[in-house]
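Structural description and commentary
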Amino acid sequence: MTDLWPDVRPDAARRLMAAAVAAFGERGYHATTTRDIATAAGMSPAALYVHFPSKAAVLSAISRSGHEKALAMVTTAAAGPGDAAARMRVLVTEFVAWHARRHRVARIVQYELTALPQPDYEAVVALRRQTDAVVRSLIEDGVSSGVFRVSDIRSAARAVLSLGIDVARWYTAESKPDPETLGADYAGLVLAMLGAAGA
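Residues numbered from 1 in each chain as written. Predicted model: local features only at pLDDT ≥ 70, side-chain atom pairs only at ≥ 80, totals over all residues. Heavy atoms only, no water.

1. Description of the overall build of the protein
- A tally of regular secondary structure across the protein gives nine helices and zero strands.
- Mapped in sequence order, the helices and strands of the protein form the string α-α-α-α-α-α-α-α-α.
- What you see for the protein is a C-alpha radius of gyration of 18 Å, in line with the 16 Å of a compact globule of 199 residues.
- Sorting the 199 residues of the protein into buried and exposed places 49% on the buried side.
- Sequence-distant contacts, at least 24 apart, represent 67% of the contacts inside the protein between residues at least 6 apart.
- Carbon and sulfur atoms form 54% of the exposed surface of the protein, whose accessible area is close to 9400 Å².
- Side-chain charges of the protein comprise 22 positive and 20 negative groups, with the mean position of each set lying 3 Å from the other. (Helix = DSSP H or I, 4+ residues; strand = E, 2+ residues; numbered from the N terminus. Rg over C-alpha atoms; globule rule 2.2 N^0.38 Å. Buried < 20%, exposed > 50% of the residue type's maximum accessible area, 1.4 Å probe, protein only. Contact = heavy atoms within 4.5 Å. Areas by Shrake-Rupley, 256 points an atom, 1.4 Å probe, with all protein chains shown as cover. Lys, Arg positive; Asp, Glu negative; His and termini not counted. Charge placed at Lys NZ, Arg CZ, Asp CG, Glu CD.)

In structure tokens, the structure reads:
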């Protein structure tokens with residue numbers, strides 16, 4: 001799981017983030033202690049504070065990273081080749097597959113927002129707004145070019161993202177289908193919802 005944060009240095013910080021994901025996933029954020037995180041990472045409790053000033057700071061690092069990855073993913077897909085339907089197919093397939101493949105991290109990223117300190121919460125909300133704006137712009141493009149038939153673009157964008165985010169709530173390692181197939185299935189549902197021709 002430490003491969004989720006290749007840009008985080010040193011390795012000990014990545015190990016602490018991975019241990020926090022495991023602990024938050026098992027106990028929930030509020031029931032997890034800094035000792036739980038450090039122990040799961042094979043470190044002393046004091047070692048955590050060398051890399052993060054608090055348990056909340058670990059959560060903030062995980063949440064910010066997840067939201068930055070989501071924004072980069074949808075931005076790349078929305079700017080890709082093809083018409084709006086083709087780009088939306090790629091966007092939804094990848095967004096859903098990520099939430100399934102990385103369901104433990106995604107569950108924390110998406111459902112522990114209220115535990116973030118206010119400045120970090122506001123930074124994450126700003127990233128979520130940017131992600132929503134990318135999806136909304138893609139739908140607007142599809143409507144203006146006649147590819148989509150949508151009466152409420154804002155609600156449609158919210159629905160597209162909500163479908164992907166919700167996957168993290170129920171998906172497990174034993175779930176079927178596999179993340180890529182689930183992503184492709186959801187992409188077909190989204191295109192039908194947006195009124196894409198031939199969906």
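2. Considerations on helix α8 (residues 153–170)
- Given a rise of 1.5 Å per residue, 18 residues ought to cover 26 Å, and the 27 Å separating the end C-alpha atoms of α8 matches this to within 8%.
- Among all positions in α8, only Ala156, Ala157, Val160, Leu161, Gly164, Ile165, Val167 and Ala168 are buried.
- Lining the buried residues of α8 we find α5 (84–101), α6 (103–111), α7 (118–144) and α9 (179–193).
- N-cap assignment for α8: the residue whose side-chain oxygen lies 3.3 Å from the backbone N of arginine 154 is aspartate 152. (Expected span 1.5 Å × (residues − 1). Polar contact = N/O pair within 3.5 Å; in protein donor to acceptor, adjacent residues only side chain to side chain.)

3. Concerning the environment of arginine 64
- If you trace the backbone, arginine 64 turns up in helix α4 (residues 55–78).
- A sequence separation of 15 residues divides arginine 64 from tyrosine 49, and the C-alpha atoms of the two residues are 19 Å apart.
- Residues within four places of arginine 64 in sequence aside, it is in contact with Asp120, Ala123, Val124 and Leu127.

4. So, the pattern of salt bridges
- Counting across every chain of the model gives six salt bridges.
- With a shortest N-O distance of 2.5 Å, aspartate 141 and arginine 87 are connected by a salt bridge. Separated by 54 residues along the polypeptide, aspartate 141 in helix α7 and arginine 87 in helix α5 bring together distant segments of the chain.
- Arginine 87 gets classed as buried once you look at its relative accessible area, which sits at 13%.
- Ionic pairing is found between arginine 101 and glutamate 180, a salt bridge with its closest N-O pair at 2.5 Å. Highlighted residues: arginine 101 in helix α5 and glutamate 180 in helix α9, separated in sequence by 79 residues.
- When its relative accessible area of 42% is taken as the criterion, arginine 101 is described as partly exposed.
- Taking the relative accessible area as the measure of exposure, glutamate 180 reaches 41% and is therefore partly exposed. (Salt bridge = Lys/Arg side-chain N within 4 Å of Asp/Glu carboxyl O.)

5. Points about the environment of glutamate 180
- Along the backbone, glutamate 180 and tryptophan 98 are 82 residues apart, and their C-alpha atoms lie at a distance of 8.6 Å.
- Once you skip the residues sitting within four places of it in the chain, glutamate 180 turns out to touch Thr93, Ala97 and Arg101.

So, to be careful, I would describe these as geometric facts and stop short of saying anything about function.
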